[in-house]
Amino acid sequence: MTLHDAARKLLEEHKVQGVLGYRKGSLPFRTRPYLFRDPCEIEELVFNPFCGLNLARYLLFLPQGIERVAIVAKGCDGRACVALVRENRLRRENLLILGVPCPGMVDTRKLAEWEGLKEHEVTLRGGEIVIRGVAYPLASFLDASCRRCRYRSPLVYDILVEGGEVPSLPQEDTLRELRSLPEEKRWEFFRKELSRCIRCYACRNACPMCYCKECFAESHKPSFLHPSPTLRDNFVFHIGRAMHLAGRCVECGACERACPLGIPIATLFLAVSDTVREHFAFEAGVDVAAPAPFVTYREDDPNAFIR
Amino acid sequence: MNSPWEPKIVAFLCHWCSYAGADLAGVSRIQYPPNIRVVRVPCSGSVDPLYILKALREGADGVLVSGCHPGDCHYLSGNYFARRKFLVLHKLLDLLGLRDRVHFSWVSASEGQRFADVVKAVTEVVRSLGPNPLREGESTCDTP
Ligand code: SF4
Ligand code: SF4
Ligand code: SF4
């Protein structure tokens, strides 16, 4: 069944009160989240490589009267659903996961070279992206989080839609280059990037796992940082957030896509996810039953970094 | 007037082991650098990584967190939980190029000499790094 048929059928048969999906945005290469409640609206549902928001975020803010909802889920939205069920934010039985195999999301910053590019001038063909008739390898246009993605289709789903070519892309270690730089160069990179942040909190607000009613970044008692976007305050915000996302980040990259300054902020969260995977053998949003990495320990956890 | 720059290091010491170790170093009259500013905490497991970040934010040139040796935690497992958080923070600061600003150690109540040695070593490392790089373009705004 195609995505549209599946979504329409669910609404027509009253299996759900809404389908959370994407709709065309008002700017080119943008989509926006939308809760489809009427089967005739479904023709406006889109799924393309510009659906970079993580829809699971919006599951936590549904309007009243929506008891059961379907969500259009690529691999990472699916992981976020599992992670949110695990944290008791959602009930699995109220959620219908409409899985779509994901081709990867295009980093729109990379399309900036083509002036006045229109949406219809960009198409996908297998593992290639065709821009104004010229084909380029898709992999080099994808977001860092998509180039390293391990789960392109949701691991847990109720319906998996057909179609949607999923090119088999090599899984790339997008952090390798940064890690291979000498220490001063790494700090130079982060100092520059963190200094640019204006602390609009769009990254946090796009994140499916940042649902706290009161975030440490805005807490006054105790207060950990000042609202002014100075390097040191930005440092506390981003590193503090990365610590809160350890073992919870589902590696979707939605934070980075939301950033109005194009700061490669997901780097921090992807790095933390790597540490948790490597040392605690845990991946967020993969297994509903696995114990969270920070409520357990092993006596033989790494100790060499401690004096 | 122009005294040479000296690093300031905030040390979070657990009440049951490292703080007592520091005390022992004191009553035994063991000399160690006066660069640390001690904050006593109930357990290394109670050290929220945000405390460490805030210390750096407020201008500390380095941070030391010290607790009981694994297996010796007064609360049985606080330091094991702490170790997981600290590893993640350590790896992240390493990526940022700030690894040697934040140090961790296990020091027991009977290890006065060891406490002094740790403080000496940490002070030397932080001294070699120079002042806290987060202080550039410092605003005058302080957190309450
Ligand atoms: S979205 Fe970008 S500018 Fe806004 S707080 Fe996040 S990193 Fe900073
Ligand atoms: S931190 Fe970024 S990559 Fe991780 S779950 Fe949140 S939005 Fe996704
Ligand atoms: S950064 Fe931390 S406190 Fe803030 S919303 Fe995210 S998880 Fe919650």
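A. Representation of the site of ligand 2. Residue and element names in this part refer to chain A. Every residue lining ligand 2 is accounted for by Cys207, Pro208, Arg241, Leu245, Cys249, Val250, Glu251, Cys252, Gly253, Ala254, Cys255 and Phe269. In this structure, ligand 2 is accommodated by the second largest cavity. Only α8 (231-245) and α9 (254-258) provide two or more residues apiece to the shell around ligand 2. The residue makeup of the shell around ligand 2, split by class, is nine nonpolar, one polar and two charged.

B. Structural context of the packing of helix α2 (residues 49-57) of chain B against helix α3 (residues 78-96) of chain B. Residues and elements named next belong to chain B. Where α2 contacts α3, the axes come no closer than 10 Å and their chain directions differ by 40 degrees. Here α2 lies oblique to α3, going by the angle between them. Here Pro49, Ile52 and Leu53 of α2 come into contact with α3, specifically with Lys85, Phe86 and Leu89. Residues of the contact of α2 with α3, tallied by class, amount to five nonpolar, no polar and one charged.

C. Quick peek at the packing of aromatic side chains. Applying the stated rule across the entire model yields 18 aromatic pairs over all chains. On the basis of an interplanar angle of 75 degrees and a centroid distance of 5.7 Å, the ring pair of Phe305(A) and Phe104(B) is categorised as edge-to-face. Highlighted residues: Phe305(A) in the segment after α10 (266-280) and Phe104(B) in strand β4 (residues 102-106), drawn from two different chains. Taken individually, Phe305(A) and Phe104(B) each receive the classification buried, so the pair is uniform in this respect.

D. Spatial organisation of the nonpolar core. Counting 124 residues, the largest nonpolar core has Leu59(A), Ile71(A), Phe235(A), Leu268(A), Ile52(B) and Leu96(B) as its most contacted members. Membership of the second largest hydrophobic core comes to 13 residues, among which are Ile9(B), Ala22(B), Val119(B) and Val122(B).

Rules of the game
Residues numbered from 1 in each chain as written. Chains lettered and ligands numbered in written order. Predicted model: local features only at pLDDT ≥ 70, side-chain atom pairs only at ≥ 80, totals over all residues. Heavy atoms only, no water. Near = heavy atom within 4 Å. 1 Å grid on protein atoms, 1.4 Å probe; cavity = no way out; pocket = protein on both sides within 12 Å on 5 of 7 lines; lining within 4 Å. Sits in = over half its atoms within 2 Å of the grid points. Helix = DSSP H or I, 4+ residues; strand = E, 2+ residues; numbered from the N terminus. Nonpolar A, V, L, I, M, F, W, Y, C, P; charged D, E, K, R; others polar. Axes fitted to C-alpha atoms, helices over the stretch in contact; angles between N-to-C directions. Parallel < 35°, antiparallel > 145°, perpendicular 65-115°, else oblique. Contact = heavy atoms within 4.5 Å. Phe/Tyr/Trp six-rings, centres within 6.5 Å; stacked < 30°, edge-to-face > 60°. Buried < 20%, exposed > 50% of the residue type's maximum accessible area, 1.4 Å probe, protein only. Core = buried A, V, L, I, M, F, W, Y, C linked by side-chain atoms within 4.5 Å.

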